[in-house]
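Summary of the model geometry
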Amino acid sequence: MLDAKFVRDNLDVVAQAMADRGAEWDSGAFEKLDLRRRELIGEVEVRQARRNEASKAIGALMKEGKREEAEAAKEEVRLINEEVTALDAERESIDEQVREILVTSPNLPHESVPVGADENDNVEIRRWGTPREFEFEPVAHWDLGPQMGIIDFETGVKLAKSRFVVLGRDGARLNRALINFMLDTHGSRGYTEWAVPALANSETLFGTGQLPKFEDDLFKTDEGLYLIPTAEVQLTNLHRDEVLEGDTLPRHYCAYTPCFREEAGSAGRDTRGMIRVHQFDKVEMVKFSEPESSFDELEGMTADAENILQLLGLPYRTIVLCTGDMGFGAAKTYDIEVWLPSYENYKEISSCSNCMDFQARRASIKYRDPGTFKGSRLVHTLNGSGLAVGRCLVAVLENYQQTDGSVVIPEVLRPYMGGQEVIQPVG
RNA sequence: GGAGAGGUGGCAGAGUGGUUGAAUGCGGCGGUCUCGAAAACCGUUAGGCGGGUUUCCCCCGUCUCGAGGGUUCGAAUCCCUCCCUCUCCGCCA
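Predicted model, so just to flag it, every value in this text is computed and none were measured.

**Details of the overall build of chain A**
Across its full length, chain A holds twelve helices and 17 strands. Within the span of chain A, comprising 427 residues, buried residues form 49% of the whole. Considering only intrachain contacts with a sequence separation of at least 6, the fraction spanning at least 24 residues in chain A is 73%. Carbon and sulfur atoms make up 47% of the accessible area of chain A, which totals about 20200 Å². For chain A, the distance from the average position of its 49 positive side-chain charges to the average position of its 74 negative side-chain charges is 4 Å.

Right, here's the structure in full:
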């Protein structure tokens, strides 16, 4: 959420930023509502001040036994209350409209973000590794998995519905190995591990920005809870409505969770395989940082995600998203894309963002540092996939497949699979 | 699911209609003392919004005692609804 004061004082900056993002924005409407809102607050509070004064006097008059004067004061308060009630009604209405604007507007892009309309304007900033030259025609995972007996798309549909998948045998073990490998690796680099609920309430989802605007992307229970689309929402909201001690920053957290997405707007996209499914596993990283260092923290987090791919020996490239392609809460985002032979291209496997104070304002996450400043300030929050486990499993299978239909297990994963070196197809 | 108790400032814990944004204790911060520290003593210590002043210093007003509504001139205090926590019983991985 944007800061109303900042918007008020920087209408042109905000208008330009929203235009760069391709977001709807009406500076005039905001300005008008904001002005009226402040007028009304003044009107109401003047009356409330007089009312409080008169009420106090009534108490004193009653004690002194001056009943007639007390009655006169009561009558005055009664009249003030009628005015306040009327003004309050308009104030609430205006308040609601201002809030609606602020709550549904995306974050402002950071100055280092390239301006662009869509994914075609994203800028590649580095590559690592070289896509393997296959001496045979590589098989896409949607064929390879079922052939090997480790991915079962049809049974996923039977058990739930389309875009759900079942992993079996060494596929299930490989999935678990990836999760443990990622958690252990991040843990050794200073990330505190958490296990969090897979369901979240609306306050939590508001805090990270999924609500109110993107409810259609979420699975909702009939109790009003939502299946989490990413552990980011839980890790970030761990400190909702808290004031952290400055000397405990930055905090680096990680968690493994299943993630659930309705994929409402993506019918027809990535329909084959398990690239885009309603439920997938992910290890997520979240950071809480002081404002001064949050962009350094973003570089570090991106490096931590890339580290996983390097250890797995999977070629990737890193791109910086342009203004028009960034997510709602992000001020700057790096996407990491892994090489997938089936796509003959790089495919997103991680997204690392600095949200600056956008989520912190929504979720009220602050810090104090008495030696440096008085009171408390909003922290900056960051989040990044480290990594999407399902897509990572796909990348391992496709990139490490052999002529005979087997898959070599990357060395770093072998300790997590009892020393096993190869996944053999099961009849 | 049934019965009961309760939700107050960083924490603990008073407060059952009037100058209480809230006693007291602990913790935190500042100071006195000390070579330094501890102890002791003194002071200080919520947040949101609006305005003033103006630039980070303070001043004024207002709202906030789980959330929302009601009664009243006035509610942390009374009433209603909801949420949450705890205890006992039941059920259960």
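That was the structure; now back to the text.
**Points about the sheet that holds strand β4 (residues 192–194)**
Taken in spatial order, the eight strands of this open sheet run β1-β10-β11-β12-β15-β9-β8-β4, and their pairing is mixed. This sheet does not close on itself; its edge strands, each paired only once, are β1 (123–128) and β4. Averaged over all neighbouring strand pairs, the angle between strand axes comes to 25°, with direction disregarded. Note that β4 and strand β8 (residues 251–260) share three bridges and pair parallel. Considered in β8, the bridge of Glu193 is made with Cys254. Its contacts with the sheet place helix α10 (residues 294–312) against β1, β8, β9 (279–289), β10 (316–320), β11 (332–340), β12 (345–356) and β15 (380–388), and it is angled at close to 5° to β15.

**Quick notes on the packing of helix α7 (residues 170–188) against α10**
Direction vectors running N to C along α7 and α10 enclose 125°, while the axes themselves pass 11 Å from each other. In terms of orientation, α7 and α10 fall into the oblique class. Both α7 and α10 take part in a crossing whose hand is right-handed. Between α7 and α10, the contacting residues are Leu178, Phe181, Met182, Thr185 and His186 on the first element and Asp304, Asn307, Ile308, Leu311 and Leu312 on the second. Residues belonging to the contact of α7 with α10 are distributed by class as follows: six nonpolar, three polar and one charged.

**Details of the pattern of salt bridges**
Scanning the entire structure with this criterion turns up 27 salt bridges. Salt-bridge contacts for Asp34 lead to Arg8; the nearest nitrogen and oxygen are separated by 2.7 Å. Taken together, the residues Asp34 in helix α3 (residues 27–64) and Arg8 in helix α1 (residues 4–9) connect sequence positions 26 residues apart. A salt bridge links Arg189 to Asp304; the nearest nitrogen and oxygen atoms lie 2.3 Å apart. With Arg189 in the loop between α7 and β4 and Asp304 in helix α10, this pair connects stretches of sequence that are 115 residues apart. According to the relative accessible area criterion, Asp304 is buried, its value standing at 9%.

**Things to note about the nonpolar core**
Counting 54 residues, the largest nonpolar core has Leu174, Leu178, Met182 and Leu314 as the members making the most contacts within it. If you look at the next biggest cluster of nonpolar residues, it comprises 25 residues, including Ala17, Ile94, Leu102 and Phe358.

**Overview of the state of the cysteines**
Covalent bonding between the sulfur atoms of two cysteines is what defines a disulfide. Throughout the structure, instances matching the rule amount to zero disulfides. Left without a disulfide partner, Cys259 is nearest to the cysteine sulfur of Cys254, which lies 13 Å away. Here Cys322 is not disulfide-linked; the sulfur of Cys355 is the nearest cysteine sulfur, at 17 Å. Take Cys322: its relative accessible area is 0%, and that puts it in the buried class.

**Let's talk about the protein's contact with RNA strand B**
RNA strand B sits among 21 residues. The nearest are Arg8, Arg38, Glu45, Val77 and Lys374. Within the backbone of Ser55, one N or O atom sits 2.9 Å away from a base nitrogen of RNA strand B. Between a phosphate oxygen of RNA strand B and a side-chain N or O atom of Arg78, the distance comes to 3.4 Å. Put simply, the parts of the chain that give the surface near RNA strand B at least two residues each are α1, α3 and α4 (67–104). Per-element tally for the surface near RNA strand B: the top contributor is α3, with 13 residues.

**What about the pairing of β11?**
Of all nine residues that make up β11, nine are buried, and the element is covered over most of its length. As paired elements, β11 and β12 share nine bridges and run antiparallel to each other. Within the sheet, the bridge partner assigned to Leu340 lies in β12 and is Asn345. Adjacent in sequence and paired antiparallel, β11 and β12 are bridged by four residues, among which Glu344 carries a positive phi angle near 45°.

**Remarks on the sheet that holds strand β13 (residues 365–368)**
The strands that make up a sheet are held in pairs by hydrogen bonds between backbone atoms, and each pair lies either parallel or antiparallel. Strands sit in the order β7-β13-β14 across an open sheet of three strands; the sheet is mixed. With one partner strand each, in any of the chains shown, β7 (242–245) and β14 (377–378) form the two edges of the open sheet. Sheet topology note: the β7/β13 ladder contains four bridges and is parallel. Note that in β13 the partner of Glu245 across the bridge is Arg368.

Reading the values: the criteria
- Residue indices begin from 1 for each chain and proceed along its sequence in written order.
- Chain A is the first chain written and ligand 1 is the first ligand written, with later ones labelled in order.
- Owing to the predicted nature of the model, reporting of local features is limited to residues with pLDDT of at least 70; listing and counting of side-chain atom pairs is limited to 80 or more, with chain, interface and lining totals taken over all residues.
- For the side-chain quantities, the full set of heavy atoms in the structure was used; hydrogens and water were omitted.
- Secondary structure elements are defined from DSSP: runs of H or I of at least 4 residues count as helices, runs of E of at least 2 residues count as strands, and each element is numbered from the N terminus.
- Note on exposure labels: buried denotes an accessible area under 20% of the residue type's maximum, exposed denotes more than 50%, and partly exposed covers the range between, all computed with a 1.4 Å probe on protein chains only.
- Two residues form a contact once any of their heavy atoms are found within 4.5 Å.
- Here, Shrake-Rupley sampling with a 1.4 Å probe gives the accessible areas, and only protein chains in the shown set may cover a residue.
- By the counting scheme adopted, Arg and Lys are positive, Glu and Asp are negative, and His together with the chain ends is not counted.
- For charged residues, the charge sits on one atom: NZ in Lys, CZ in Arg, CG in Asp, CD in Glu.
- Strand pairing is defined by DSSP finding a minimum of two bridges between the two strands.
- Only the contacting stretch of a helix is used when fitting its axis, a line to C-alpha atoms as for every element, and angles between N-to-C directions run 0 to 180 degrees.
- Put simply, angles under 35 degrees are roughly parallel, angles over 145 are roughly antiparallel, angles from 65 to 115 are roughly perpendicular, and the rest are oblique.
- The sense of a crossing depends on the near helix, which, turned anticlockwise from the far helix by less than a right angle, makes the crossing left-handed and, turned clockwise, makes it right-handed.
- Residue polarity is assigned by list, with Asp, Glu, Lys and Arg as charged and Ala, Val, Leu, Ile, Met, Phe, Trp, Tyr, Cys and Pro as nonpolar; anything else, Gly included, falls into the polar class.
- Salt bridge, as used here: a side-chain nitrogen of Lys or Arg that lies within 4 Å of a carboxyl oxygen of Asp or Glu.
- For this analysis, a nonpolar core means a set of buried residues of the types Ala, Val, Leu, Ile, Met, Phe, Trp, Tyr and Cys, connected via side-chain atoms within 4.5 Å.
- Any two cysteine sulfur atoms lying within 2.5 Å of each other are counted as a disulfide.
- For this purpose, a residue is taken to be near a molecule or strand whenever a single non-hydrogen atom of the residue falls within 4 Å of it.
- We define a polar contact as two N or O atoms separated by no more than 3.5 Å, with the added condition that, inside protein, one atom must be a possible hydrogen donor and the other a possible acceptor, whereas residues neighbouring each other in sequence contribute only through side-chain atom pairs.

Just geometry here; none of it tells us what the structure is for.
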